[in-house]
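Listed here are the chains, written in short residue letters.
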Amino acid sequence: MAIKKEESISMLDAFKDFTTDKNIDRTTLVSVLEESFRNVIAKIFGSDENFDVIVNPDKGDFEIYRNRMVVADGEVEDENKEISLSDAQKIEADYEVGEEVSERVDFAKFGRRAILNLRQTLASKVLELVHDSLYNKYKDRVGQVISGEVYQVWKREVLLVDDENNELILPKSEQIPNDQYHKGETIRAVIHQVTNENNNPKIILSRTSPVFLERLLEAEVPEIADGLITVKRIARMPGERAKIAVESYDERIDPVGACVGVKGSRVHGIVRELNNENIDVINYTSNTKLFIQRALSPAKVSSINIDEENHKAEVYLQPEEVSLAIGRGGLNIKLASMLTQFTIDVFREVAENEADEDIYLDEFSDEIDQWVIDSIKAIGLDTAKQVLNAPRELLVEKADLEEETVDQVLNVLKAEFEN
């Protein structure tokens, strides 16, 4: 069944509108249209080498010409590239053997199958262009903050769209806990990753990345944007707490004060953006002991033993300072370890006369299971006093023991010294 020429022209109009929406430039548009026509022609005639395709996307029309060589009657070997003299003279009476005949081809006469083939080819190539355009737009923007409109909220991810209706993905793992998203609202996030597997680009966003917090600081603190203050390290427990180490290259500038602002004015907006995430800002130093001491703030450290090779630190504090160093749920010590990149073990300070009365854990094997003793010794605690002076949270987390088991051990050890 033949298809009207107007139908193929309307198809070009629709294609022109589609590509305009996707911001495909004119040169690329013409190239894709021409290539698509040539693909269909090659399938019909076996080759497109002797065809001229002229596309005018502004008017939504096109012209196709087939060029054939005139040969003597009876000597046509390839009907696509050659035409007999008598057939050529039906077009123009003065054609002679050896001349080239350029004949306009009515694409509508190729039939509905050819039109459908062209539509599929165009759609496929436009999709490739759109994917390439999206990938090229974002591939060099990793680490930048972007605003997107929430389009759809799913259990495992949130789908957003940018100002050109490109899709952006915010996975559950990159969302701040307790964040609530509603369709149509605008949210900010950092471009975390851009992939392009099988020409299927994905723009992954993050609100939990330390880079997001760093970019928010740059926007709020002019001294950071101007390079007078540098953000050296960031440790985050998204939605709960963060620690930031900053350094100033100008002795006249207090980096902590500049980042916090008068009465916390500069950091308040960031805290709200991060769902009330508490932010601690400290001065960075290359002095490891001092850096760990600052990272454990607000606790006051009495002394520190450093193992540089294994990146471990033993920190000793007065009993009343231990809970501050550990923080609620162990949050403060976790962030301090992340920020300093040292494994930090916290111990209560013990008076010398108390230390002399210590007892090795193995002496309690008749009251405490040996596997429990081995688990505690594996984290470097060999004596009863060491265990009693270690934070309970440390025993639960590092020795991987149940809270009930830890309490039983502590009761046994306390009873020994009380006796």
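Residues numbered from 1 in each chain as written. Predicted model: local features only at pLDDT ≥ 70, side-chain atom pairs only at ≥ 80, totals over all residues. Heavy atoms only, no water.

A. Local environment of the overall build of the protein. For the protein, the count of helices and strands is 16 helices and 15 strands. At 37 Å, the protein has a C-alpha radius of gyration far larger than the 22 Å of a compact globule built from 419 residues. Dimensions of the protein, computed from the C-alpha atoms along their principal axes, are close to 125 × 55 × 40 Å. When burial is assessed residue by residue, the protein has 42% of its 419 residues classed as buried. Partitioning the intrachain contacts of the protein with sequence separation of at least 6 by distance along the chain shows that 58% fall at a separation of at least 24. Here the protein has roughly 23400 Å² of accessible surface; of this, 43% comes from carbon and sulfur atoms. (Helix = DSSP H or I, 4+ residues; strand = E, 2+ residues; numbered from the N terminus. Rg over C-alpha atoms; globule rule 2.2 N^0.38 Å. Buried < 20%, exposed > 50% of the residue type's maximum accessible area, 1.4 Å probe, protein only. Contact = heavy atoms within 4.5 Å. Areas by Shrake-Rupley, 256 points an atom, 1.4 Å probe, with all protein chains shown as cover.)

B. The environment of Gly 227, seen in detail. Position of Gly 227 among the secondary structure elements: in the loop between α6 (222-225) and β10 (229-237). By relative accessible area, Gly 227 is classed as partly exposed at 40%. For the pair Gly 227 and Val 190, spaced 37 residues apart in sequence, the C-alpha separation works out to 21 Å.

C. Just unusual backbone geometry, in detail. A cis amide bond links Ser 297 to the next residue, Pro 298, at an omega of 15°. Tracing the backbone through its elements, the reader meets Pro 298 in the loop between α9 (288-295) and β13 (303-307). Positioned with a positive phi, Asn 199 is a non-glycine residue whose angle comes to about 55°. As for its placement among the helices and strands, Asn 199 is situated in the loop between β8 (186-197) and β9 (200-206).

D. Quick peek at the sheet that holds β13. Strand order in the open sheet formed by three strands is β13-β14-β15, with mixed pairing between adjacent strands. Pairing within the sheet leaves two strands with one partner each, and these edge strands are β13 and β15 (343-348). Along the sheet, successive strands turn relative to each other by an average axial angle of 15°, direction set aside. Docked against the sheet, α9 engages β13, β14 (312-317) and β15, running at close to 125° with respect to β13. (Pairing = 2+ DSSP bridges. Axes fitted to C-alpha atoms, helices over the stretch in contact; angles between N-to-C directions.)

E. Broad picture of the pairing of strand β5 (residues 145-153). Judged from the five bridges that link them, β5 and β8 form a sheet pairing that is antiparallel. Opposite Ile 146, over in β8, you have Ala 189 as the bridge partner. Joining the antiparallel neighbours β5 and strand β6 (residues 157-161) is a turn of three residues.

F. Local environment of the pattern of salt bridges. Overall, the coordinates contain 23 salt bridges when judged by the stated rule. Where Glu 34 meets Arg 38, a salt bridge forms, and the shortest distance between an N and an O atom there is 3.3 Å. A residue pair is termed a helical-turn pair when its members lie 3 or 4 positions apart in one helix, as Glu 34 and Arg 38 do in helix α2 (residues 26-45) at four residues. A relative accessible area of 28% places Glu 34 in the partly exposed class. In this structure, Arg 252 engages Asp 250 in a salt bridge whose closest nitrogen and oxygen atoms are separated by 2.9 Å. (Salt bridge = Lys/Arg side-chain N within 4 Å of Asp/Glu carboxyl O.)

G. Up close: empty space enclosed by the protein. Applying the stated criterion across every chain yields a total of one cavity of 30 Å³ or more. The calculated volume of the largest cavity comes to roughly 30 Å³. As for the largest cavity, its lining consists of Asp 345, Phe 347, Ile 379, Leu 381, Leu 394 and Lys 398. Taken together, the elements giving at least two residues each to the lining of the largest cavity come down to β15 and α15 (392-398). Among the residues forming the lining of the largest cavity, the class breakdown is four nonpolar, no polar and two charged. (1 Å grid on protein atoms, 1.4 Å probe; cavity = no way out; pocket = protein on both sides within 12 Å on 5 of 7 lines; lining within 4 Å. Points joined across faces, edges and corners; volume = space filled by probe spheres on them. Nonpolar A, V, L, I, M, F, W, Y, C, P; charged D, E, K, R; others polar.)

H. Up close: α9. Those residues of α9 that sit buried are Thr 288, Phe 291, Ile 292 and Ala 295. For α9, the buried positions fall inside an angular range of 100° around the axis, keeping them on one side. Capping the start of α9 is the job of one residue whose side-chain oxygen sits 3.2 Å from the backbone nitrogen of Lys 289: Asn 287. (Arc of directions from axis to C-beta. Polar contact = N/O pair within 3.5 Å; in protein donor to acceptor, adjacent residues only side chain to side chain.)

I. Just helix α10 (residues 319-326), in detail. Listed as buried for α10 are Glu 321, Val 322, Ala 325 and Ile 326. An end-on view of α10 places all buried positions within 135° of arc, on one side of the element. Away from the buried face of α10 by more than 90 degrees, exposed residues Glu 320 and Ser 323 are located. Contacts made by the buried residues of α10 are with β14, α11 (331-340), β15 and α15. The first or second residue beyond α10 is Gly 327, which carries a positive phi of 80°.

J. Representation of the sheet that holds strand β11 (residues 241-248) in the model. As summarised here, the arrangement of the three strands in space is β10-β11-β12, forming an open sheet in which the pairing is mixed. Taken across any chain shown, the strands that pair with only one partner, and hence form the sheet edges, are β10 and β12 (278-283). The average undirected angle you get between the axes of adjacent strands in this sheet is 20°. Its contacts with the sheet put α11 on β10, β11 and β12, and the angle it makes with β10 is roughly 135°.

K. The arrangement of the side chain of Asp 345 in detail. With respect to the helices, strands and loops of the structure, Asp 345 is situated in strand β15. For Asp 345, a relative accessible area of 13% corresponds to the buried category. Looking at Asp 345, its side chain comes within polar contact range of the side chain of Lys 398, at 2.5 Å. When neighbours within four sequence positions are excluded, Asp 345 is seen to be in contact with Ala 313, Glu 314, Val 315, Leu 394 and Lys 398.

These figures capture arrangement, not role.
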